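# Residue-level structure breakdown
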Amino acid sequence: EGSTSEKKQKFTKRTRTHKKMDSKTEKTLPVTVLSGFLGSGKTTLLKHILTNKDNLKVAVIVNDMAELNIDAALVQGGIRQTQEKLVQMQNGCICCTLREDLLIEVKKLAQEGKFDYLVIESTGISEPMQVAETFTFSEMVEGEASGPTLDTVSRLDTCVTVIDSKNFDLDIKCEEDLSEKYGKDNVGEEDDRTVAHLLIDQVEFSDVILINKIDLVTEEELKKVQGIVKKINPEAKIFLTQNSVIDLKEILNTGLFSFDKAANNPGWLKEIRGQHNPETIEYGIRSFVFRARRPFHPQRLHDLILGDMDLTQMYRSKGFYWLATRPDLMGVWSQAGSTFKFESSGTWMAELEEADRDEVFDQLPEKDLLELQRELKEEKWGDRKQEIVIIYADLDAERLKEQLNGCLLTDEEMEMGPEKWEEQFEDIPSVAWEEDDEDDDHDHDHEGEESKAEETKEEEAEEEKKE
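This one's a predicted model, so the numbers in the text were calculated from it and none came from an experiment.

## Description of the overall build of the protein
- Looking only at helices and strands, one finds 20 helices and 15 strands in the protein.
- Counting over 467 residues, the protein shows a buried share of 55%.
- Summarising the internal contacts of the protein: among those between residues at least 6 apart in sequence, 80% fall at separations of at least 24.
- Total accessible area on the protein is roughly 21400 Å²; 45% of this is exposed by carbon and sulfur atoms.

Laid out in structure tokens, this is it:
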């Protein structure tokens, strides 16, 4: 499927065709998806739903990494009402089966017409975006799409993420690969996602966020978690919970999920557009947008990230960046904790033909369209730029801005032009991306080229010792 940015582009394109619910969609089976790390309280929330459902006939799809589906056994053991239907995805990760098992099971449950609601408990390692994508696909028969898409019989109603407030600060700074944390047998050998990035993905894509286990943290710790979550996803409804207890009307049949909103309005894009969320300052969480109309020098950017950049208080940074050795390609900058990912998001608009531009123009909100048209007309380098949101706590923001400015090309280097940049500057993989990203079709290899600051520092230190 390619990189995360490529998946989001495809997801965005698909979601253009989805409209608001009409009288027909109101008859479809509404679905709530529960996401969150193992131990966050997802299964506790699921049990709470099933024991407080007010006569709703609820079907449940449970996904668990554990070979024996322990979570499913717990739910099944505690609930014995005949109107429940529990479907277990044996040995399956939801992101591996979303074209097959999940699609088939949701369609089957919806067509039975026996249930008022469907709840899907995703694994601790799955991305909500991948589950949402399932609703835009048809069942595959011999490699070909067959029949109507899933959203003709069901509708994704609410995406809920449960957060463990006690471990949130550790997880959002954690640079471990998921395979290191949960084992390669559970995650897959080629899955290179990190704990921090998965947590960010789950928070960014949610309609409702439960900050759970609040009885295990201090008031100050809780405020910090609230601040970070609000900054990452300013649109989500946030609830503070103990034992995942919440009024079910807040997570069932809410109508909150929107394909268009999910594709176009992540929190970092709002910051770039100037839609600042000032209340997060109350929690000690701040942000700024680094902007520049020059490309980064790859070696200087590499040296900054692996050297003096203070990552201890940088919770999240994301945006678009321009690298001198890839002058025609838009890069996506994504950092969570001490882990960076850099990947391609296609060609800068300035390099596209008019016909191709028009296709993109049709998909943009009016404000973004006007700004893009202005850039293409007035700016020397068109829409090429640095535009990166930095979310932080106790950080010297002015110093970081100076450091990033120091990574930009100088006046003399700018005069060299793109051809010379590519010839004379070394293309450093740690701040770029794999050239063949678009040809990669492995389901889990969707994070682009990674740069793990701490790990790379250790490797360089070892090399120096050898020398």
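## A short note on helix α16 (residues 366-378)
- Look at α16: 18 Å from first C-alpha to last across 13 residues, which is about the 18 Å you get at 1.5 Å a residue.
- Among the residues making up α16, those that are buried are Leu369, Leu372 and Glu375. One side of α16 holds all its buried residues, which, seen down the axis, span an arc of 125 degrees. Away from its buried face by more than 90 degrees, α16 exposes Glu366, Lys367, Leu370, Lys377 and Glu378.
- The secondary structure elements touched by the buried residues of α16 are α15 (354-361).

## Considering the pattern of salt bridges
- Using the criterion set out here, one finds 22 salt bridges in the structure.
- Note that Lys173 and Asp169 form a salt bridge whose closest N and O atoms lie 3.4 Å from each other.
- In this structure, Asp411 engages Arg294 in a salt bridge whose closest nitrogen and oxygen atoms are separated by 2.5 Å. Of the two residues, Asp411 sits in helix α18 (residues 411-416) while Arg294 sits in the loop between β10 (286-292) and α14 (298-305), which places them 117 residues apart along the sequence.
- Given the relative accessible area of 28%, Arg294 is considered partly exposed.
- Three or more residues are tied together by salt bridges with common partners; here these are Glu371, Arg374, Glu378 and Glu379.

## Let's talk about the side chain of Lys231
- Summarising the element assignment, Lys231 is placed in helix α11 (residues 219-232).
- Of the residues examined, Lys231 reaches a relative accessible area of 1% and is grouped as buried.
- In terms of polar contacts, Lys231 uses its side chain to reach the side chain of Ser287, at 3.2 Å.

## Regarding the nonpolar core
- Core analysis: the biggest nonpolar cluster contains 29 residues, and Phe296, Ile305, Met309 and Trp333 have the highest contact counts within it.
- Elements supplying a minimum of two residues to this core: β10, α14, β11 (314-321), β13 (339-347), β14 (386-392) and α17 (397-406).
- Core analysis: the next-biggest nonpolar cluster, separate from the first, contains 28 residues, Ile211, Val229, Ala236 and Ala336 among them.

## Things to note about the confidence of the model for the protein
- Mean pLDDT over the protein stands at 75; residues scoring 70 or higher make up 68%.
- Confidence over residues 437-458 falls short of pLDDT 50; this stretch has 82 contacts with residues more than four positions distant or in other chains.

## Thoughts on unusual backbone geometry
- The phi dihedral of Lys213 falls on the positive side, at around 60 degrees, and the residue is not glycine.
- Inspection of the secondary structure assignment puts Lys213 in the loop between β8 (208-212) and α11.
- Assessed through its relative accessible area of 22%, Lys213 is described here as partly exposed.
- The backbone of Asn253 sits at a positive phi, close to 55 degrees, despite the residue not being glycine.
- With respect to the secondary-structure elements, Asn253 resides in the loop between β9 (237-240) and α12 (259-264).
- By relative accessible area, which is 48% here, Asn253 ends up partly exposed.

## Describing the environment of His302
- Within the secondary structure, His302 is located in helix α14.
- Along the chain, His302 and Ile428 lie 126 residues apart, while their C-alpha atoms are 7.5 Å from each other.

## Some thoughts on the pairing of β13
- Most of β13 is tucked away: seven of the nine residues are buried.
- The sheet contact formed by strand β12 (residues 329-336) and β13 spans seven bridges and is antiparallel. Bridging across to β13, Ala336 finds its partner in Thr339.
- From the end of β12 to the start of β13, which pair antiparallel, there are two residues, and Gly337 there has a positive phi angle of about 65 degrees.

## Considerations on the pairing of β11
- Counting buried positions along β11 gives eight out of eight residues, so the element sits mostly inside the fold.
- As defined by bridge partners, β11 adjoins β14 across six bridges and the pair is classed as antiparallel. Considered in β14, the bridge of Met314 is made with Tyr392.

About the thresholds
Residues numbered from 1 in each chain as written. Predicted model: local features only at pLDDT ≥ 70, side-chain atom pairs only at ≥ 80, totals over all residues. Heavy atoms only, no water. Helix = DSSP H or I, 4+ residues; strand = E, 2+ residues; numbered from the N terminus. Buried < 20%, exposed > 50% of the residue type's maximum accessible area, 1.4 Å probe, protein only. Contact = heavy atoms within 4.5 Å. Areas by Shrake-Rupley, 256 points an atom, 1.4 Å probe, with all protein chains shown as cover. Expected span 1.5 Å × (residues − 1). Arc of directions from axis to C-beta. Salt bridge = Lys/Arg side-chain N within 4 Å of Asp/Glu carboxyl O. Polar contact = N/O pair within 3.5 Å; in protein donor to acceptor, adjacent residues only side chain to side chain. Core = buried A, V, L, I, M, F, W, Y, C linked by side-chain atoms within 4.5 Å. pLDDT = per-residue confidence, 0-100. Pairing = 2+ DSSP bridges.

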